[in-house]
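Spelled out, the chains give:
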Amino acid sequence: MTGAILIVPESDDVALLEEAHRLAEELAETDGDSPAVVTVAFEGLVDPDELASANPDEVVHVVRDGDEQFAAGAAGVRARAEALVAVADDPRVVLLPDTADGADLAAATARRLRGGCVTDCLLRVRDGELTAGRQAYGGRAYAELSFEGGPPVVTLNTEALGSPAAPPTGSPSVREVEVSVADDDRLRHVETFDVPEADLAKARRIVAGGFGLGGPDGFEVIEDLADAVGAAVGASRPPSDEGWVAYDRQIGVTGKEIDVELYVPCAISGDSYHMRSVNAEYLIPINSDPDARIFNFADIGIVGDAYEYAPALANAIRDAKAEAESEPGTGETEAVGDGGERVVDPGAEGSPEEVRE
């Protein structure tokens with residue numbers, strides 16, 4: 001596996017594998033020697049047979065001694081990082097998906113391999129060397145970073161990756177490796193969280209305010225509704241220019257481009273400079289002007305004052321949640337300071353997100 005492109009997917013998503021094959025092609029054009037594409041499947045998290053469909057050169061199935069399986073999230077970072085270092089043999093690069101868990105694992109692995117770590121990036125081949133490119137200054141610039149020392153360990157945005165010119169064929173070899181690794185004994189408490197994404201470009205739900213709110217106090221209403229929905233807070237350009245909110249909350253041509261499942265713009269007219277950067281599965285505006293352009297994009301529109309209807313909508317959502325939680329078989333929830341929820345359900349199945357105390 002020396003010099004191989006090592007991929008560590010979180011699921012059977014083959015986007016990372018296709019990107020690895022593309023990089024192998026580019027490196028082969030420069031070096032004349034194509035690096036092997038090797039993917040790692042941790043027992044209990046990823047099925048090695050499903051990864052074989054993307055035709056890597058090899059699938060390394062990593063199992064733990066005894067009957068234990070690997071865990072996702074913070075509880076499993078230490079064990080997976082140690083296991084990854086144990087099976088890695090001077091790789092050319094280590095690729096992971098750009099998720100919260102992927103970033104944690106990338107940092108822990110890079111420290112052990114003494115390599116550079118860059119998250120949320122794209123890789124390019126420059127003069128035979130790999131460089132990482134990513135946006136800087138809120139998307140207003142593009143930076144490229146080179147690596148020194150150990151192998152690069154990077155997380156990639158799987159929605160912006162390429163594919164090889166000549167897709168590989170054949171069946172990969174599958175190799176099972178048993179490792180002896182310890183869990184992180186510093187972890188003392190595990191809970192499940194549903195919280196809004198801080199980065200608007202990655203948020204799945206956003207409630208935003210516009211200049212029609214009349215002042216910074218209006219964003220207290222926006223924050224309250226966002227808290228009820230479990231959404232991030234955004235804004236159009238005028239409130240950012242006026243200093244009512246931070247510039248990183250701005251949505252539009254001069255701000256962030258968003259791709260969300262739910263967008264609730266309040267007191268936002270919907271001009272082209274704003275809407276050009278909005279892609280939403282469901283768009284529900286609140287605006288007192290029935291002729292506002294924003295309603296042309298709406299799935300459901302509320303014609304009325306945001307100061308009246310946003311609190312009413314927030315209260316209705318909280319009442320509906322409380323009613324659902326009171327039904328038998330549902331988990332209890334507690335509000336948390338960042339606008340999300342803490343879900344407490346000891347009998348629930350699945351992999352919770354773990355938080356250190």
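Residues numbered from 1 in each chain as written. Predicted model: local features only at pLDDT ≥ 70, side-chain atom pairs only at ≥ 80, totals over all residues. Heavy atoms only, no water.

Draft legend 1. Structural context of the pattern of salt bridges. By the definition in use, this model includes 17 salt bridges. The salt bridge involving D227 is made with R318; its shortest N-O contact spans 2.8 Å. Remark: R318 occurs in helix α8 (residues 306–326) and D227 occurs in helix α5 (residues 218–229); sequence separation between them is 91 residues. The partner of D248 in a salt bridge is R249, with the nearest N and O atoms 3.2 Å apart. (Salt bridge = Lys/Arg side-chain N within 4 Å of Asp/Glu carboxyl O. Helix = DSSP H or I, 4+ residues; strand = E, 2+ residues; numbered from the N terminus.)

Draft legend 2. The arrangement of the packing of helix α3 (residues 74–87) against helix α4 (residues 100–113) in detail. Relative orientation of the contacting elements α3 and α4 amounts to 50 degrees, with a least axis distance of 9 Å. By the angle class used here, α3 and α4 are oblique. The element α3 and its partner α4 pack so that their crossing is right-handed. Taking contact as the criterion, the partners of V77, R78, R80, A81, E82, L84 and V85 in α3 are, on α4, D101, D104, L105, A108, T109, R112 and L113. Looking at the contact of α3 with α4 residue by residue, the class counts come to 7 nonpolar, 1 polar and 6 charged. (Axes fitted to C-alpha atoms, helices over the stretch in contact; angles between N-to-C directions. Parallel < 35°, antiparallel > 145°, perpendicular 65-115°, else oblique. Left-handed = near helix turned anticlockwise from the far one by under 90°. Contact = heavy atoms within 4.5 Å. Nonpolar A, V, L, I, M, F, W, Y, C, P; charged D, E, K, R; others polar.)

Draft legend 3. Quick look at the layout of surface pockets. Here the second largest pocket is characterised by a volume of approximately 230 Å³. Contributing to the lining of the second largest pocket are 18 residues, with S236, R237, P238, D271 and H274 lying nearest its centre. Those elements that place two or more of their residues in the lining of the second largest pocket are α6 (237–241) and α7 (272–275). (1 Å grid on protein atoms, 1.4 Å probe; cavity = no way out; pocket = protein on both sides within 12 Å on 5 of 7 lines; lining within 4 Å. Points joined across faces, edges and corners; volume = space filled by probe spheres on them.)

Draft legend 4. Up close: the state of the cysteines. Scanning all chains against the criterion turns up 0 disulfides. With no disulfide of its own, C117 lies 8.6 Å from the sulfur of C121, the closest cysteine sulfur. (Disulfide = S-S within 2.5 Å.)

Draft legend 5. Representation of the confidence of the model for the chain in the model. Here the chain averages 84 in pLDDT, while 87% of its residues score no lower than 70. Counting interchain partners and residues more than four positions distant, the pLDDT-below-50 stretch residues 330–357 has 62 contacts. (pLDDT = per-residue confidence, 0-100.)

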